[in-house]
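Secondary and tertiary structure notes
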Amino acid sequence: MKVTIQKPYNKGGWKWPAGKVVDVSNKFAAKLKKGGYLDKPEKKESKKIKE
Amino acid sequence: MAQTTGIINSSSIRVFLGTTDDSEVVLDHVTECSISMTTDMRDITTKTSGGYRELLPGLKSASMSVSGLFAEDATNGYNQLIDHQLAGDKLFVIFTNTGAGVTANIGDEQFDIEGYISSLEQTAGVEDNVGFSMTIEVTGTVVREVIS
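Here's a quick rundown of the structure.

1. Re the overall build of chain B
- In terms of regular secondary structure, chain B is built from 1 helix and 8 strands.
- Sequence-ordered secondary structure for chain B, helices as α and strands as β, is β-β-β-β-α-β-β-β-β.
- For a compact globule of 148 residues, the expected C-alpha radius of gyration is about 15 Å, and chain B comes in at 19 Å, more than 25% above that figure.
- Dimensions along the principal axes, computed over C-alpha positions, put chain B at roughly 65 × 40 × 30 Å.
- Within chain B, the proportion of its 148 residues that are buried is 25%.
- Summarising the internal contacts of chain B: among those between residues at least 6 apart in sequence, 65% fall at separations of at least 24.

2. A closer look at the interface of chain B and chain A
- In this assembly, 15 residues from chain B lie in contact with 13 residues from chain A.
- Residue assignment for the side of chain B that touches chain A shows that the elements contributing at least two residues are β1 (13-18) and β2 (25-26) of chain B.
- Here the side of chain B that touches chain A is built from residues that sort into 7 nonpolar, 6 polar and 2 charged.

3. Overview of the pairing of strand β5 (residues 91-97) of chain B
Residue and element names in this part refer to chain B.
- With respect to burial, β5 is a largely interior element, 6 of its 7 residues being buried.
- In terms of strand pairing, β1 meets β5 through 6 bridges, oriented antiparallel. By the bridge assignment for β5, Leu-17 is matched with Val-93.
- Pairing of β5 with strand β6 (residues 109-123) involves 5 bridges; the strand directions are antiparallel. Paired with Phe-92 across the two strands is Glu-114, which belongs to β6.

4. What to know about the nonpolar core
- With 26 residues, the main nonpolar core has Val-15, Phe-16, Leu-17, Met-64, Val-93 and Ile-136 of chain B as its most contacted residues.
- Mapped onto this core, the elements with two or more residues apiece are α1 (26-34) of chain A together with β1, β2, β4 (55-69), α1 (78-87), β5, β6 and β7 (131-138) of chain B.
- With 5 residues, β5 of chain B is the single largest residue contributor to this core.
- Once residues within four sequence positions are removed from consideration, Ile-136 of chain B is found in contact with Ser-63, Met-64, Leu-91, Val-93, Gly-115, Tyr-116, Ile-117 and Ser-118 of chain B.

Definitions and cut-offs
Residues numbered from 1 in each chain as written. Chains lettered and ligands numbered in written order. Predicted model: local features only at pLDDT ≥ 70, side-chain atom pairs only at ≥ 80, totals over all residues. Helix = DSSP H or I, 4+ residues; strand = E, 2+ residues; numbered from the N terminus. Rg over C-alpha atoms; globule rule 2.2 N^0.38 Å. Buried ≥ 20, exposed ≤ 12 C-beta atoms within 10 Å, placed from the backbone. Contact = placed C-beta atoms within 7 Å. Nonpolar A, V, L, I, M, F, W, Y, C, P; charged D, E, K, R; others polar. Pairing = 2+ DSSP bridges. Core = buried A, V, L, I, M, F, W, Y, C linked by C-beta atoms within 7 Å.

Printed below as a string of structure tokens:
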């Protein structure tokens with residue numbers, strides 16, 4: 001299945017930057033998901049400065 | 001998803017491979033792939049076989065062949081394969097049915113094998129695509145499993 005890598009992956013002979021779209025086996029997709037490589041990093045809300 | 005019904009379109013069969021188990025990536029620009037399983041036969045014919053050969057199954061072996069087109073920038077193509085052959089890397093291979101989409105179809109069956117590249121050829125004619133062909137000899141068990 002096609003997945004988009006959300007953070008740099010450098011394991012098992014693969015070296016991919018964040019944003020790379022790769023077509024991987026189901027088992028590899030599950031492994032990437034478990035490792036947090038497919039989840040988009042949450043956007044940090046900027047703190048409003050109180051005047 | 002349920003098991004696919006009817007005759008399967010051969011374009012749906014894809015090969016994923018990598019050097020680590022469960023880290024397989026689709027082989028890019030493949031035009032043809034095949035997997036072959038062989039069982040050697042042990043001849044157990046004796047004088048009491050009534051003039052007909054008698055056999056029992058012996059050693060089982062398998063090989064997989066792939067042909068494709070060469071692209072310098074492929075994620076998993078000829079450049080990666082020649083590196084694996086030169087390094088003598090063991091490859092983990094999934095030979096599966098992705099259906100019309102790009103995801104292996106849950107409920108169908110696939111091959112999960114390990115092996116080494118025994119031959120890899122790059123071909124370049126005149127005003128034609130640069131291509132490659134490869135054979136992987138399987139080592140160990142041939143696993144046929146339901147895609148989950």
